[in-house]
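Chains, contacts and geometry: an overview
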Amino acid sequence: MEMKKLPLLFLLTAFALTPAWGQSKMSPLLRQTLRKAETKSSVQDSVFSAVKKVKAGKTYISAFVKFNDEAAIDSLTAHGAVVRTRTASFATAYLPLDEAERISELRCVDYVEMGSPVTVQMDEAKKASNANDVLNGIGLPQAFDGEGVIVGVIDNGFEFGHPDFYDKEKSELRIRRVWNQNLEGNPPAGYEYGTEYTTADGILAAKIDDASVGHGTHVTGIAAGADDTGGHDYAGLAQGSDIVLVAMNEGNMLLGDNTTILDGINYIFDYADEQGKPCVINMSLGSFVGPRDGTSSFDQMCDELQGPGRLIVGALGNDGGTTCHTSMTFDAEEGDTLRTLFKFTYSYLMTSYTEIWGDEGMDLTIVPVTVDRMTGKVDARLNPFTIAPGGTGSETEYAFDGIDGSLVVSSEINPLNGKPHLSLAASFMNDDRRYIGFMVTSTAAGTVHAWADNVYSSFDNYDVDGFAAGDDTYTAGEIGGTGERIISVGAYVTRDHYEEYGIYHPSGEKLGAIASFTSKGPTADGRLKPDVCAPGTYIVSSISRYATTTPRAQKVTWNGESYYYGFMQGTSMATPFVTGAMALWLQVCPDLTPEKAKEIMRTTAINDNFTGDVRADGDYAWGYGKLDVLAGIKECIKSSGIDGGETLIDVPFVVRDEAGAVSLLFARDLTDAALTVTSVDGKVVKADTGRNFAAGEEVRLMADGYAPGIYLVTILSPDGGRHTEKIIID
């Protein structure tokens, strides 16, 4: 792409505070942290202070370690590291800050990636996805509620004693374990932080993990709530499931640590293995740090932890309609330049964290610039900073004349994917005369993506010629939106308003359409995301009574105490809807894999006038379409029936297609069976004996021409088994 060259007005000299660190085996964020510790710099204190921990007077950072030899674990320990979760080639660990560089230099260590910040991201909803039919057993051999399945939720703001988390009779709390990663005390085995609660009495005595927020209560209620006090229809999907909660290790629900999220995943799966039950984990979380192509340490560890009966469902993100992304495809011609300007959220303290990634084999050169607000012309270009294939990681801190603050640029060739990577940490005081931005060039062909944090900054061009304004493509976020095996969820509209205290609050959204806030795919490597969409606008679910800012829909009284249901929206709400649905599918098919679940979504998702016909190839807004819980569970039943005669369901069920025909779908093999259809007055309408039926076989039973009325369909097996269904022909 040819872009207009801007004149060079004058050049400012950048000063480097640190030299190259040698071969890049430490992530840019880790090197920035080390540099800050050495120079006592205050850059990005407000953004990244939460990722460092102090224990017994010693400072630790939380990190992923990629290793190539089992001996690495002993070596890490010898350097004072505390190893937590391990997979085949990765571990999460606390590393002493003053040992981090030496650890990265070990031959058995390929890469040290510092933990990065994490952000948080039912009545009408259940109707839209046919979930009510599954919960009520309509058109199925029985109702399904997730019994025998564990639903794990990693979040914050849980009210443990909410009636939504009891069984339907309110006689037993369904929360089996809680790991509060914020509260020091009695940590779970294998970890050295947080407090674990293992009994109902202990969980109820704890009451909450954080009184200031209620996000986790709402999310858990959507996935697994069971309360119907007063006859409301705000219960969730997996109403009979067991629940395991992990209160994420951060203090304000804005920033967290993705290594502890990974620990939470491992903790939940370990408990499910101990109980011999399938498990699905919800992550209504996201991060703006990472390559967004499935190669981050977090995504690779999640891939290694998942498998049969072990699913993870994640939020795609809420960056739709924003300008946090920009990109350019280079064709190796001179003059190709990606230009953009920061749009800071706060005008006084202008803070930003930006990630820039190129394709493997590319070199990247960045030039920080300022633009005069009055003339729209570039008035300063700083020295270029380059990272090339085979290059080493380094840090440079830039300062602009007349602007208080600095821009720190860190670089690497990322060992996990071979891509050139620049991270930009900016912190400036207000300057009302100039815009601050950057230009990126490359001598190689390929695509360069840049993502701003979208909390403190995004991108804009301010109508400056040649500069990109930013967009919302490729905004599927790290944590839940980019992993190969993670089921990533977008949101669509099932409610376009909420009411509180008699005041009507419209959203401006269109019923049935994609939610304007939902992020968009694809991933940076071109894979389809999201996988599916679910209801995510003004969802009513349980909320913590201690968090008073959430709009309330209803109060219920139980055991003399008041509890609440309220409205929230976001992909955070769509995600647990899919999590609850996966629990229902796991009840039928306990060995369900991520790949099989996605294939079922592909073949059963609802396609309508809003989605278009997207099942074949998928869509970067809709995935395969709108989740259909009922159609999906029927597919699970078809695939679960062949298992040596022992199956969860051993009876056929009735389905009616759009033409009014009635069929039987068999969940297991039946030989030498008898099938009869009789009217309510005892007249035999159809009789077959000696019939053989195969698991998954669908047999047409009735078609047009039968008189309206009630019919009884009976299946008799040679061993005396009997099943009768009532059919109503209109």
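Look up: the structure comes first, before these words.
Because the structure is predicted, anything quoted here is derived from the model rather than measured. (Residues numbered from 1 in each chain as written. Predicted model: local features only at pLDDT ≥ 70, side-chain atom pairs only at ≥ 80, totals over all residues. Heavy atoms only, no water.)

**Some remarks on the sheet that holds strand 11 (residues 242-247)**
Ordered by their spatial adjacency, 8 strands build an open sheet running 10-9-11-8-12-14-27-30, and the pairing between neighbours is mixed. Lying at the two open borders of the sheet, with one neighbouring strand each, are strand 10 (195-197) and strand 30 (532-535). Across the sheet, the mean angle from the axis of one strand to that of its neighbour is 20°, orientation sign disregarded. Note that strand 9 (residues 175-180) and strand 10 share 3 bridges and pair antiparallel. Bridge pairing in strand 10 links Asn180 to Thr195. Contacts between helix 8 (residues 215-224) and the sheet are confined to strand 8 (150-155), strand 11 and strand 12 (279-283), with strand 8 contributing the most and set at about 160° to the helix. (Pairing = 2+ DSSP bridges. Helix = DSSP H or I, 4+ residues; strand = E, 2+ residues; numbered from the N terminus. Axes fitted to C-alpha atoms, helices over the stretch in contact; angles between N-to-C directions. Contact = heavy atoms within 4.5 Å.)

**So, the sheet that holds strand 31 (residues 539-543)**
Judged by pairing direction, the sheet is antiparallel, and its 3 strands sit side by side in the order 31-33-32 without closing on themselves. Each of the sheet's edge strands pairs with one partner strand only, and the pair in question is strand 31 and strand 32 (552-558). Along the sheet, successive strands turn relative to each other by an average axial angle of 30°, direction set aside. Where strand 32 lies against strand 33 (residues 561-568), 6 bridges are found, and the strand directions are antiparallel.

**Examining helix 8**
Most of helix 8 is tucked away: 10 of the 10 residues are buried. When we look at burial in helix 8, the residues that qualify are His215, Gly216, Thr217, His218, Val219, Thr220, Gly221, Ile222, Ala223 and Ala224. (Buried < 20%, exposed > 50% of the residue type's maximum accessible area, 1.4 Å probe, protein only.)

**Notes on the packing of helix 9 (residues 258-275) against helix 10 (residues 297-305)**
Helix-helix packing is described using two parameters, namely the angle between the two axes and the distance between the axes. Put simply, helix 9 and helix 10 touch, their axes get as near as 11 Å, and they point 5° apart. On the basis of their axis angle, the class for helix 9 and helix 10 is roughly parallel. Residue-level contacts link Asn258, Ile261, Leu262, Ile265, Asn266 and Phe269 of helix 9 to Phe298, Met301, Cys302 and Leu305 of helix 10. (Parallel < 35°, antiparallel > 145°, perpendicular 65-115°, else oblique.)

**Here's the deal with the side chain of Asp155**
Mapped onto the elements, Asp155 comes out in strand 8. In this structure, Asp155 is buried with no salt-bridge partner, the nearest side chain bearing the opposite charge being Arg174 at 16 Å. At a separation of 2.7 Å, a polar atom in the side chain of Asp155 contacts the side chain of His215. Of the polar contacts made by the side chain of Asp155, one reaches the backbone nitrogen of Gly216; its length is 3.5 Å. (Lys, Arg positive; Asp, Glu negative; His and termini not counted. Salt bridge = Lys/Arg side-chain N within 4 Å of Asp/Glu carboxyl O. Polar contact = N/O pair within 3.5 Å; in protein donor to acceptor, adjacent residues only side chain to side chain.)

Purely spatial values, then, with no claim about function.
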